[in-house]
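This is what each chain is made of:
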Amino acid sequence: MEKPRSIVILTGAGISAESGIDTFRDAGGLWEQHRVEDVATPEGFARDPELVLGFYDMRRAALANVRPNAAHEALARLDAEFSGELLIVTQNVDDLHERAGARRVLHMHGELKSALCSSCEMRSPWDAPMSADEAGARPPCPVCQAPSLRPDVVWFGEMPYQMERIYRAIRKADLFVSIGTSGAVYPAAGFVRDARDLGARALELNLERSEGSHWFHESRQGRAGELVPEWVEEILG
C-alpha cells in the first residue's frame, strides 16, 4: 500500500510484557493473587477500599523497576518523525510510552500515576501511596483536600476514556495497527472492524494470533521488540 497519511495504533499488555510488566491473562499475571471482582471493579472498591488502594500502590511502585523496551522506543521514534496524523491508543496503565518519548498517546484505561478524586472528580498526577497511613488517614485530594482519592484507572463496568476522540481518529485513519493485544477486551477489540468498515488497512503485530486476527489484512507474529522497530522502519524508511 502507499505510505499512510493517518495512523491509529492500539497497544496492549503484550508491548509492556517485554519490560517485565505481567500481562493480564498470563498464568503468572499480576491479578493471580486477587479476583478481578475484588480489585478491578467499583463494587470491589466499595467493599474493601484499602485492599484496592494497596493493590494499585504496589503496581505504581513497581513502575520504578521497569524500563521502556525497543517497541516503546520505536513508537516514540515514529511519533517524533511521522509527519502525518498519529494517535497511539494504549490499553496499558503504565507510563512506558511516555518515558520512551512518545507524546501522541491516549490512555483509554487510565493511568497508574494519576489520582481521581471521588468528591470533586478532578485528576492529579500521583506517585505516592493512596492507602491509609499508620494512623488510618488517607492522603487528601490536592484540589479539594477531601480524603477521597482512587486510582485513575478504568475498572470493569466503567466506560473507557476519550472514546469520541478515538473514534474520530479511526474515522480519519488509513492504517490501523494493533500491537500486543489479546483481541478479547471490548470496546478496543472492535476497533479493527470499525477501521476496516471505514476503508483503513489493518495490521496486527503480536506474539501469537489474537482472537480477532481474522479481521486484519495482515498478522505478523513475534516479539514486539523485534516486530515494531521493523515496521516503523518500513513506515519511515
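Residues numbered from 1 in each chain as written. Predicted model: local features only at pLDDT ≥ 70, side-chain atom pairs only at ≥ 80, totals over all residues. Heavy atoms only, no water.

1. Side note on the sheet that holds strand β2 (residues 85-90)
Read from one edge to the other, the open sheet built from 6 strands follows the order β3-β2-β1-β7-β8-β9, with strand pairing classed as parallel. Bordering the open sheet on either side are β3 (105-107) and β9 (218-221), each of which pairs with just one other strand. Each adjacent strand pair in this sheet contributes to an overall mean axis angle of 15 degrees, direction not counted. (Pairing = 2+ DSSP bridges. Helix = DSSP H or I, 4+ residues; strand = E, 2+ residues; numbered from the N terminus. Axes fitted to C-alpha atoms, helices over the stretch in contact; angles between N-to-C directions.)

2. Comments concerning the sheet that holds strand β6 (residues 149-153)
Here we have 3 strands laid out as an open sheet, ordered β5-β4-β6, and antiparallel in their pairing. Of all strands in the sheet, those bounded by a partner on one side alone are β5 (123-125) and β6. Adjacent strand axes in the sheet meet at a mean angle of 45 degrees, parallel and antiparallel pairs treated alike. In the sheet, strand β4 (residues 110-117) pairs with β6 via 4 bridges, with the strands oriented antiparallel. Its bridge partner being in β6, C117 is matched across the sheet by L149. Against the sheet, helix α4 (residues 49-62) engages β4 and β6, with an angle of about 55 degrees to β6. (Contact = heavy atoms within 4.5 Å.)

3. Things to note about the environment of I170
Tracing the sequence through the fold places I170 in helix α7 (residues 163-172). When the C-alpha atoms of I170 and W215 are compared, they prove to be 15 Å apart, with 45 residues separating the residues in sequence. In this structure, I170 is in contact with V8, F191, D194, A195 and L198, ignoring residues within four places of it in sequence.

4. Focus: the pattern of salt bridges
Note on pairing: side chains with opposite charge can pair once their charged atoms come close. Applying the stated criterion to the full structure yields 18 salt bridges. Residue D79 is joined to R104 by a salt bridge in which the shortest nitrogen-to-oxygen separation is 2.7 Å. Linking D79 in helix α5 (residues 70-81) with R104 in the loop between α6 (96-100) and β3, this pair joins segments that are 25 residues apart in sequence. Judged by its relative accessible area of 24%, R104 falls in the partly exposed class. When the shortest N-O distance is used, the salt bridge between K172 and E85 registers 3.1 Å. (Salt bridge = Lys/Arg side-chain N within 4 Å of Asp/Glu carboxyl O. Buried < 20%, exposed > 50% of the residue type's maximum accessible area, 1.4 Å probe, protein only.)

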